[in-house]
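# Remarks on the overall topology
Spelled out from the first residue to the last, the chains are:
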Amino acid sequence: MPRILLDSGITTATVLFIISTANVFAWVIAANMIPLRLANIFLSVTDNPLLFLLLVNVFLLVVGMFMESGAAIILLRQLWHNGTVARGHIQKCHEIYRG
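Predicted model, so just to flag it, every value in this text is computed and none were measured.

On to the environment of Ile19, then. Relative to the assigned elements, Ile19 resides in helix H1 (residues 2-31). A C-alpha to C-alpha distance of 9.0 Å links Ile19 and Glu68, two positions 49 residues apart in sequence.

With 18 residues, helix H3 (residues 49-66) extends 26 Å from end C-alpha to end C-alpha; this agrees with the ideal 26 Å at 1.5 Å per step. Buried residues of H3: Phe52, Val56 and Val63, and no others. Buried positions in H3, seen along its axis, are confined to an arc of 40 degrees and lie on one side of it. Facing away from the buried side of H3, by more than 90 degrees, are the exposed residues Leu50, Leu54, Leu61 and Met65.

All right, on to the confidence of the model for the protein chain then. For the protein chain, the mean per-residue pLDDT works out to 77, and 79% of the residues sit at or above 70. Within the protein chain, H1 carries the highest mean pLDDT (88), whereas helix H5 (residues 93-98) carries the lowest (53).

Size it by volume and the largest pocket reaches roughly 170 Å³. Lining the largest pocket are 13 residues, with Phe25, Ile29, Leu38, Leu75 and Leu76 sitting closest to its centre. Elements with a minimum of two residues in the lining of the largest pocket: H1, helix H2 (34-45), H3 and helix H4 (69-85). The biggest single contributor to the lining of the largest pocket is H3, with 4 residues. A per-class count over the lining of the largest pocket returns 13 nonpolar, no polar and no charged.

So, how was this worked out
Residues numbered from 1 in each chain as written. Predicted model: local features only at pLDDT ≥ 70, side-chain atom pairs only at ≥ 80, totals over all residues. Heavy atoms only, no water. Helix = DSSP H or I, 4+ residues; strand = E, 2+ residues; numbered from the N terminus. Expected span 1.5 Å × (residues − 1). Buried < 20%, exposed > 50% of the residue type's maximum accessible area, 1.4 Å probe, protein only. Arc of directions from axis to C-beta. pLDDT = per-residue confidence, 0-100. 1 Å grid on protein atoms, 1.4 Å probe; cavity = no way out; pocket = protein on both sides within 12 Å on 5 of 7 lines; lining within 4 Å. Points joined across faces, edges and corners; volume = space filled by probe spheres on them. Nonpolar A, V, L, I, M, F, W, Y, C, P; charged D, E, K, R; others polar.

So, in structure tokens, the structure goes:
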């Protein structure tokens, strides 16, 4: 039983370390306005929302090959929110249901 608790603690600490490091890195890239620059690059390629979503999916596929999913979500959420909702390409969920 103590061995199981030790293994569980090590696994939990590892995941929390990865997520906390991703939060720090997300703050650094947000402070340097990198998400806005990347969003502008993606949006300069096309004005078609469906093609933009295809580009986003390909990008997420490539990122998912190299990063842990929790850290990738923390880092990339701000990028897609700033680039898509702010420019009106994608509506927020609550705006979709309002009609």
